[in-house]
Structures are given as C-alpha cells and as structure tokens.
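Commentary on secondary and tertiary structure
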Amino acid sequence: MRIKEHPILGKLEKEPTVEIEVDGEVIRAIPGEPIAAALLAAGKNVFRYTRKLHEPRSVFCAIGRCTDCMMIVDGVPNVRTCVTPVRAGMKIQTQHGLGEFKERTQ
Amino acid sequence: MTLEKDGVLSPEELAKLPGIPSAERLERGAVAVIECAQKIPCNPCEEACPAGAIQVGEPITNLPVLDSDKCTGCGLCIPVCPGMAIFVVDMTYSDREATVQLPYEFLPLPRKGELVTALDREGKAVCSARVVNVRNPKKFDHTVVITIAVPKDQAMNVRNIALAWRR
Amino acid sequence: MKETELAIVGAGPAGLSAAIEAASAGVQVTLVDENRRPGGQLFKQIHKFFGSKEHYASVRGFDIGTKLLGEVEKRGVEVMLDSVVWGIFGTHVLGIIHDQKNTYLRAQKVLLATGAIENALAFPGWTLPGVMGAGAIQTLMNINRVLPGRKAIMIGSGNVGLIVSYQLLQAGAQVVAVVEAAPKIGGYGVHASKLRRNGVPILTSTTIKEAKGEERVERAILIELDQDWNEIPGTEKEYEVDVICLAVGLSPLSELAWMAGCQFEYIPELGGHVPIHDLNMQTTVPGIYVAGDLSGIEEASTAMEEGKLAGIAIAEALGYLSPGEAKIKKEAVSKRLDSFRTGPFGEAVRKAKARLQRRGEAK
C-alpha cells in the first residue's frame, strides 16, 4: 500500500510511471524506487522460496544486508531487491532456491 | 500504573512534577502543563518560551520548572517539545467547559467546530470534545496544536483525540 | 592508484560531520558510501530530536540530514556513491567496487563510519514474509512511502521500537501492541506515553512465542514471562497481524575494522564487539579512526559529535590544525557529548565509552 498523504512527509508527488514485469504481470513503479518497494506497494508478499524447505521469504532488513529479499532480475539471480532501483521493462521473477547463473560467453 | 511499567504517568507521579501548575493557577486562566518526568538531556521548551516561564538550566537533564505566574498560556512550547509532552489548559473558557491545547501529528486533521472523541492518557475515550482551533503554521514544523473544549472536570485528564479510524 | 588524504567509509551522520570538519580545515576528503544517496539512517528519522540547540533539538532528523549534505557540498568534498568498500589493506588502501568495476584508493588516514545493523530475534515463523526489522519498516514507510501491512505488532520497547510504532500510526497502520520481555519499558517515557494515549498497549514481561501464517504472517502468539524470564505456560495470547517488527537492538557493522586488524572489546552496553578507540576516536591501528554506531551503538546526535571529533583529530594529525586550535575544538565537542550522555538513559553509555576509551588511551 502506498502512503499517499503523510502528516510529516506531506503528499507523495511522484507518480508510478515505470512499467515492470513481475512473474509475467505488469505493475507500475515510481521511477528510481527499489524493486522491493514497488512489489510491496502492489501487494506482492513472497519474493522467493528457500532451497530445501521451499519456505516463502521477503524483505527483512531493507538495507541490502540480509539477502532475504533476493529475486531473479532480468535473468540474473540473487539480486537484492531492497537496494536495486527499478528500470522500465525490467523482468522480475520469484526465485526458487539458489538460482542459476548463466555461463558467461566471451 | 507507573510511567516505567505502563508508559502512563500516574496521578502521584504527575503531582510531583515541577512543570505542573497548581489548581489555584489553573483556575486563573490558560497555563502550560508540562508532563516531562524523566531526566533526558533536552531543553527546547526553555528556549521557546517568550515569557521566560520555563527553566531547565544546567545540566540540561533537569526537569523543566514552570513559573506559572510568568506563563501566559500562549502555547508556543507545545510544538517544540520532541516528547510531545506539553499541553495548555484554560479552565476559564466558559462556565462549564475548559479548553485543552494538545500537539497532534496525524492525518486527517480535524476541522474547527468538529465534534471529536477525547481520550485520556491511556487512550480511553472519556468524553466528546468540540474542536475550537487548529493551529498549523510553518514554524510549528508539522506539529499541529489542536484546541478542544471539554467538560471542566476532564481538563487535567484529556490528552489526545481519537485517530480518524477510531473517531 | 587514486590517492586522497582522508577516506571516510560511510556517509551517515558521523561520516558527513567528519567530512565537514576535516574539509573545513583544508584536508582533502573522499567520502565513500555503498548507497545511492548519502545520509545513512538520518533521512528516515521523521521525528524531532532531543537535546539542546547545538544538538539540533526540535529539528527533524531528515532536516538535519539535508543541512549536513549542504555543508558537505559547499566544501567540495568528493563523494563516491553506489561504492562498496570491500576491503582495507596496508597503510591504507581501500578496495572499492562501483558499477561492477574494482578500483583502489590510497588514503593517509581512514575513518570507518559504517554504522550498525539490526539484531534478529529467532522464533518459530520468524522467516515468514511480513516479519522484518523495525528499521526496515521505517525505511519502507518513511523513505519509500510504502506500508507492507495494515496491522503491526512491535517486539521491543526501546526507543527504536517506540518511535517506529508511533511512525506506523502516522503512516496509517494500526499497532496492536508493543511487546517487551523485560518488566519495564526500555525507551523514554514520553515515547511510550504518545503510544498509550493513542490506545496502543505496551505489554511488559511478555515475548513472542511464534508467528503463524501460510505465505505471510497472519497471527502472532505472545506469552508472558515470569521474573526469571521463563515462559509461563497457559498465558499464550493470539493477535491477528500482518506485520511483525523486531526492535531488539543494533550491532556495529565492523567487518572493515576487523580486517584492518583493529583490536576490539566486547561491551554489551555499546552493542557487542566494538573497536577500541582513544579520545581522538583513533583505533589501535594508527591512522584508522572510527565514529558513530560502529564505535558503540548510540544515537544520531552522538554520531555527529563523534564524527566532528574524528574530523578535527585527523586534521590535526595531518598538520592542518595546530594542537592549540584542535584542543579548543575538541573540548567544545567533548562538552556537548558529555552533556548528552547524562541522566538515567545516558549514564550507562557514558561509563561504557569511558572504559573503552581508557583502554584506547593506554595503548
């Protein structure tokens, strides 16, 4: 849920004008905001599932330290969504387990 | 009920505070009520008072002492207190009512003339109150000072109004 | 290799304040921060600070942050953002990654001002989405303007727990309770009073036993504690919540100080393992200084003063301030620090810091 009006911070002026794709669904994000913020605002609760027990995980520390919020972004796994800003056309996927890095080709 | 265990000042704890005016002074008109009970290094109330009615001195952990004869009840101390612990009570508002000026940092703001639910220090609804004034100048830096009219016997009890979803 | 006179790691209140002092004296300063914006935790502090006028009392944290940034910009300090200092070597070289490229920075003096991280509290269900640090939800609410839920419960009644609970109300969420394991409230009475008069219960001698939910938090189970901190069976109470905030303390982010070979001491009142430092904020490794939460968990106000102290001491060590000039400046800062570390809340930290700094002076 977005906090549009705040008694100290005032009105939220920025509009969600950036379109990103999350598990195939298009959602709107505010330019420059962290991926995690856009997802939470859109009501997405689960960001990834753990490797062994397939348990749901989401934001925990929100300052890029704990890695609980990792997702696959544009094919790259283990991206910390709480400190990575959105970009138009970004493709984000729920990560299952540890993720796979594609082989780098020279 | 104590501040340390419940977060609410008991009547006994309140009575001991040097920032609380006497019953006699309250009867004379608008006066500040400083519910500051712990030695925290802090003194913006002393700085803000134009009448020099609040004394903290050194060390700045001293509890603020109210010189209630100097106090005019202007309320400029209310928005500067970072602990939101200062109020202004005017027992002379009318025959049956007193006003309480309190700091408020929530949305939506009530409007003048609106009827709201008045809460005590424990957040319990104790009576209905009429909003007499809403002061929100830039210099208060988003700490709005709301004046409500309550029955006189609630003036030293009411310290908040219900949040919108509870109103 | 790029060179500078003073490299400051961390552009929070301590780092910014040190940069201002050192640059004012003429030192060439490079400020490095891993975040996209400087300010550390300052910009999410939307409440008015305590203290005296010199401590910026009654000014909101984010306004202080804006002031500090302006001062840093005025002095032509080089600021490297999105830059992670991953290592510290020799005397003194920093390894920095920026934009997926590695560079090295050689500095004559280094100030580590890397702050702290929230502690975690493990209980069954603590990994569920919706369980997060109190600082985390503060960042989401106040920086990102997002609420991850509507009904929160706060574990911990220190100042962080109390302040963030109040800010949850301001953001439009409900706080069903503040839970405190100790028999009394940890933070300032005024912070607690603000919550109580908004109907938020503060439950002392209580802890969280379990968080329940399928894909996210749906319920919190609390249990009461006896005077030996044991759970009292049969006192379980269930609350419907969709957010559980953990405000159970902070620990210094000290990796770089360990790597540099600084000696540490374990001091619970300061958050755990803290680098030993003297009254100039210099660690046991000559040329490496610390300030802010890294040097002991405290507040933004003390972080700013410690940053100033380090900045002045470094300027003196580099010859930009005479010992006489430095002494006067340092005394003014020490006076403000002492006046802040008084009273029942400040005493424990003041004593712990004094103990730590006595060890630092002895080395």
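It should be noted that the structure appears before, not after, this text.
Structure report, in brief. (Residues numbered from 1 in each chain as written. Chains lettered and ligands numbered in written order. Predicted model: local features only at pLDDT ≥ 70, side-chain atom pairs only at ≥ 80, totals over all residues. Heavy atoms only, no water.)

So, the overall build of chain A
Looking only at helices and strands, chain A features one helix and ten strands. In sequence order, the secondary structure elements of chain A are arranged as β-β-β-β-α-β-β-β-β-β-β. With respect to the principal axes defined by its C-alpha atoms, chain A has extents near 45 × 30 × 25 Å. Relative to all contacts within chain A whose residues are 6 or more apart in sequence, the contacts with residues 24 or more apart total 41%. Accessible surface for chain A amounts to roughly 5800 Å². Of this, 50% is attributable to carbon and sulfur atoms. (Helix = DSSP H or I, 4+ residues; strand = E, 2+ residues; numbered from the N terminus. Contact = heavy atoms within 4.5 Å. Areas by Shrake-Rupley, 256 points an atom, 1.4 Å probe, with all protein chains shown as cover.)

Notes on the interface of chain C and chain B
Contacts between the two partners involve 36 residues from chain C, matched on the other side by 40 residues from chain B. On the chain C side of the contact with chain B, K48, R196 and R197 of chain C bury the most area, a combined 23% of that side's loss. Here chain C is connected to chain B by five salt bridges. Here R60 of chain C and E105 of chain B are joined by a salt bridge, their closest N and O atoms 2.9 Å apart. Where the side of chain C that touches chain B is concerned, the elements lending two or more residues are α4 (159-170), α5 (189-196), α8 (323-340) and α9 (343-362) of chain C. The element best represented in the side of chain C that touches chain B is α5 of chain C, accounting for six residues. Classifying every residue of the side of chain C that touches chain B gives 14 nonpolar, 14 polar and eight charged. (Buried area = accessible area lost by both parts, 1.4 Å probe. Salt bridge = Lys/Arg side-chain N within 4 Å of Asp/Glu carboxyl O. Nonpolar A, V, L, I, M, F, W, Y, C, P; charged D, E, K, R; others polar.)

Digging into the pairing of strand β4 (residues 86-90) of chain B
Residues and elements named next belong to chain B. Extensive coverage of β4 is indicated by the burial of five of its five residues. On β4, burial covers both faces: I86, V88 and D90 on one face and F87 and V89 on the other are all buried. Examined bridge by bridge, strand β1 (residues 31-34) and β4 share four bridges and lie antiparallel to one another. By the bridge assignment, A32 is partnered in β4 with V88. Where β4 and strand β5 (residues 97-104) come together, three bridges link them in antiparallel fashion. Bridge pairing in β5 links V89 to V100. Between β4 and β5, which follow one another and run antiparallel, lie six residues. (Buried < 20%, exposed > 50% of the residue type's maximum accessible area, 1.4 Å probe, protein only. Pairing = 2+ DSSP bridges.)

Here's the deal with the pairing of strand β4 (residues 25-29) of chain A
Residue and element names in this part refer to chain A. Pairing of strand β3 (residues 18-22) with β4 involves five bridges; the strand directions are antiparallel. Bridge pairing in β4 places I20 opposite I27. Hairpin connection between β3 and β4: a loop of two residues separates the two successive antiparallel strands, and D23 in this loop has a positive phi of roughly 50 degrees.

Quick notes on the sheet that holds strand β5 (residues 48-49) of chain A
Residue and element names in this part refer to chain A. Pairing is mixed in the open sheet, where three strands are placed in the order β6-β5-β10. The outermost strands of the open sheet, each flanked by one partner alone, are β6 (56-57) and β10 (95-96). Across two bridges, β5 lies against β10 in parallel orientation. When the sheet's bridge partners are listed, Y49 is paired in β10 with H96.

A closer look at the interface of chain A and chain C
On the side of chain C, 35 residues touch chain A, which itself brings 33 residues to the contact. For the pair chain A and chain C, the summed buried surface comes to about 3000 Å²; carbon and sulfur atoms form 59% of the total. Ranking the residues of chain A by area buried against chain C places M1, F60 and R65 of chain A at the top, with a combined share of 24%. For the pair chain A and chain C, the interface holds two salt bridges. We note a salt bridge from R65 of chain A to E255 of chain C, for which the minimum N-O separation is 3.0 Å.

Overview of the nonpolar core
With 98 residues, the main nonpolar core has I20 of chain A, I148 of chain B together with L168 of chain C as its most contacted residues. Ranked by residues supplied to this core, first place goes to helix α1 (residues 35-41) of chain A with six residues. Membership of the second largest hydrophobic core comes to 40 residues, among which are I20, A22, V27 and A113 of chain C. (Core = buried A, V, L, I, M, F, W, Y, C linked by side-chain atoms within 4.5 Å.)

Some thoughts on the pattern of salt bridges
Residues and elements named next belong to chain A. Applying the stated rule across the entire model yields 39 salt bridges over all chains. Where R28 meets E19, a salt bridge forms, and the shortest distance between an N and an O atom there is 3.2 Å. A salt bridge links R57 to D68; its shortest N-O distance comes to 2.8 Å. In this pair, R57 sits in strand β6 while D68 sits in the loop between β6 and β7 (70-73), placing the two residues eleven residues apart along the sequence. Taken as a pair, R57 and D68 share a single burial class, namely buried.

Overview of the packing of aromatic side chains
Overall, the coordinates contain eight aromatic pairs over all chains when judged by the stated rule. Relative to Y166 of chain C, the ring of F106 of chain B has its centre 5.5 Å away and its plane inclined at 70 degrees; by these criteria the two rings are edge-to-face. Of the two residues, F106 of chain B sits in the loop between β5 and β6 (115-120) while Y166 of chain C sits in helix α4, which places them in two different chains. Y166 of chain C matches F106 of chain B in its accessibility class, with the two residues each being buried. Both rings, one in W86 of chain C and one in F89 of chain C, keep their centres 5.5 Å apart while their planes meet at 65 degrees; by these two values the pair is edge-to-face. Residue classification places W86 of chain C among the partly exposed residues on the basis of a relative accessible area of 36%. By way of ring pairs, the aromatic residues Y104 and F106 of chain B together with Y166 of chain C are connected into one cluster. Above the face of the F87 of chain B ring, R159 of chain B is positioned so that its terminal group lies 4.8 Å from the ring centre. (Phe/Tyr/Trp six-rings, centres within 6.5 Å; stacked < 30°, edge-to-face > 60°. Lys NZ or Arg CZ within 6 Å of the ring centre and 35° of its normal.)

Function cannot be inferred from these measures alone, as they are strictly geometric.
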